[in-house]
Amino acid sequence: MSDKGLMSPEVGDFLEQLPFPIFICDAELKTLKMNYSFREQVSGSSSFDYVSWKKGLKPTGERKVDVVSRSVSQEFFVEHLGKPKFFIMLERAIKDTQGNTTGYLVLLRDTTIERNLEKSVLSAASTDGLTGLYNRKYLVDYININHGKPLTLLYMDLDNFKQINDQLGHKTGDEVIINMGRLL
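The shown structure was predicted, so the numbers you read here are calculated from the model rather than taken from an experiment. (Residues numbered from 1 in each chain as written. Predicted model: local features only at pLDDT ≥ 70, side-chain atom pairs only at ≥ 80, totals over all residues. Heavy atoms only, no water.)

Peer 1: I'm lost on the overall build of the chain in this one. Help?
Peer 2: Helix and strand counts for the chain come out as eight helices and seven strands. Counting across all 184 residues of the chain, residues that qualify as buried make up 29%. Carbon and sulfur atoms provide 56% of the accessible area of the chain, an area that totals close to 13100 Å². (Helix = DSSP H or I, 4+ residues; strand = E, 2+ residues; numbered from the N terminus. Buried < 20%, exposed > 50% of the residue type's maximum accessible area, 1.4 Å probe, protein only. Areas by Shrake-Rupley, 256 points an atom, 1.4 Å probe, with all protein chains shown as cover.)

Take a look at the structure:
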């Protein structure tokens, strides 16, 4: 497909209808077409310098090259409108009939919700639900990761805590534990 083919109204109409950010660059990575979703979610304008924008991204995953589909994908992190955003970017070469690269299709898949859920699950597995303090699983993982390094462990017991629960109720007991956690 030639640059003229990439610039055709049919390609533009097709891109506009896609519900995810996508754009097309020429062989020198100059943006030729971008859809509404890309302008709204990523660039904020109709003029866009892909090479400069890409330099400002922070990789969060390994770069994957697929020789068969002539594509490269990688997950990135970026601050957008003051909020953290994660996405997988796929760059796929567009070849003409002689096998020459005439452009690139760039597609973004938002993974922000997935990363936030992953963070929540990992946090829940490693912290106490009542106090938010690290739990035994976290301690075991920490010891395994830092095996052979110096470690200081503080162990505490709340004297007569059972009496607080028995006399004042578990709700008050929970408040005592939460406040002790805050003090620590």
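Peer 1: What am I meant to see in the packing of aromatic side chains here?
Peer 2: Think of a pair of aromatic rings as described by two things: how far the centres are apart, and how the planes are tilted against each other in angle. Scanning all chains against the criterion turns up seven aromatic pairs. For the pair tyrosine 134 and tyrosine 138, a centre-to-centre distance of 3.6 Å together with 10° between the ring planes defines the contact as stacked. An aromatic cluster is built from Phe23, Tyr50, Trp53, Phe76 and Phe87, whose rings are joined through pairwise contacts. (Phe/Tyr/Trp six-rings, centres within 6.5 Å; stacked < 30°, edge-to-face > 60°.)

Peer 1: Would you mind going over unusual backbone geometry with me for this structure?
Peer 2: Note: most peptide bonds trans; most residues except glycine with negative phi. For leucine 29, which is not glycine, the phi dihedral falls at a positive 65°. Here leucine 29 is to be found in the loop between β1 (22–26) and β2 (31–34). With a relative accessible area of 28%, leucine 29 lands in the partly exposed category. At asparagine 160, a position not held by glycine, the phi torsion is positive, near 60°. Assignment of secondary structure puts asparagine 160 in the loop between α6 (136–145) and α7 (161–168). By relative accessible area, asparagine 160 is classed as exposed at 53%.

Peer 1: Help me understand the environment of serine 69 in this model?
Peer 2: For serine 69, the location among the structural elements is in the loop between β4 (64–66) and β5 (71–80). With 25 residues separating them along the chain, serine 69 and isoleucine 94 place their C-alpha atoms 9.9 Å apart. Polar side-chain contacts of serine 69 include one of 2.7 Å to the side chain of serine 71. (Polar contact = N/O pair within 3.5 Å; in protein donor to acceptor, adjacent residues only side chain to side chain.)

Peer 1: Quick question: what am I supposed to make of the pattern of salt bridges here?
Peer 2: Should their charged atoms come close, side chains of opposite charge can pair. For the structure shown, the criterion picks out seven salt bridges. For glutamate 75, the salt bridge identified is with arginine 115, shortest N-O distance 2.9 Å. Within this pair, whereas glutamate 75 is found in strand β5, its partner arginine 115 is found in helix α5 (residues 112–126), the two being separated by 40 residues in sequence. Taking the relative accessible area as the measure of exposure, glutamate 75 reaches 11% and is therefore buried. Taking relative accessible area as the criterion, arginine 115 reaches 25% and is therefore assigned partly exposed. With its nearest N and O atoms 3.2 Å apart, the salt bridge here joins arginine 109 to glutamate 114. By relative accessible area, glutamate 114 is classed as partly exposed at 37%. (Salt bridge = Lys/Arg side-chain N within 4 Å of Asp/Glu carboxyl O.)

Peer 1: How should I be thinking about the pairing of β2 in this particular structure?
Peer 2: Looking along a regular strand, one sees the side chains alternate between the two faces of the sheet. Relative to β2, β1 is paired through three bridges, and the arrangement is antiparallel. Note that in β2 the partner of cysteine 25 across the bridge is threonine 31. The antiparallel hairpin formed by β1 and β2 contains four residues in its connecting segment, where leucine 29 sits at a positive phi of about 65°. (Pairing = 2+ DSSP bridges.)

Peer 1: Sorry if this is basic, but what is going on with the environment of aspartate 110 here?
Peer 2: Mapped onto the elements, aspartate 110 comes out in strand β7 (residues 101–110). Along the chain, aspartate 110 and lysine 85 lie 25 residues apart, while their C-alpha atoms are 7.5 Å from each other. Filtering out sequence-adjacent residues up to four positions away, aspartate 110 remains in contact with Lys85, Phe86 and Phe87. A distance of 3.2 Å separates polar atoms of two side chains, one belonging to aspartate 110 and the other to lysine 85. (Contact = heavy atoms within 4.5 Å.)

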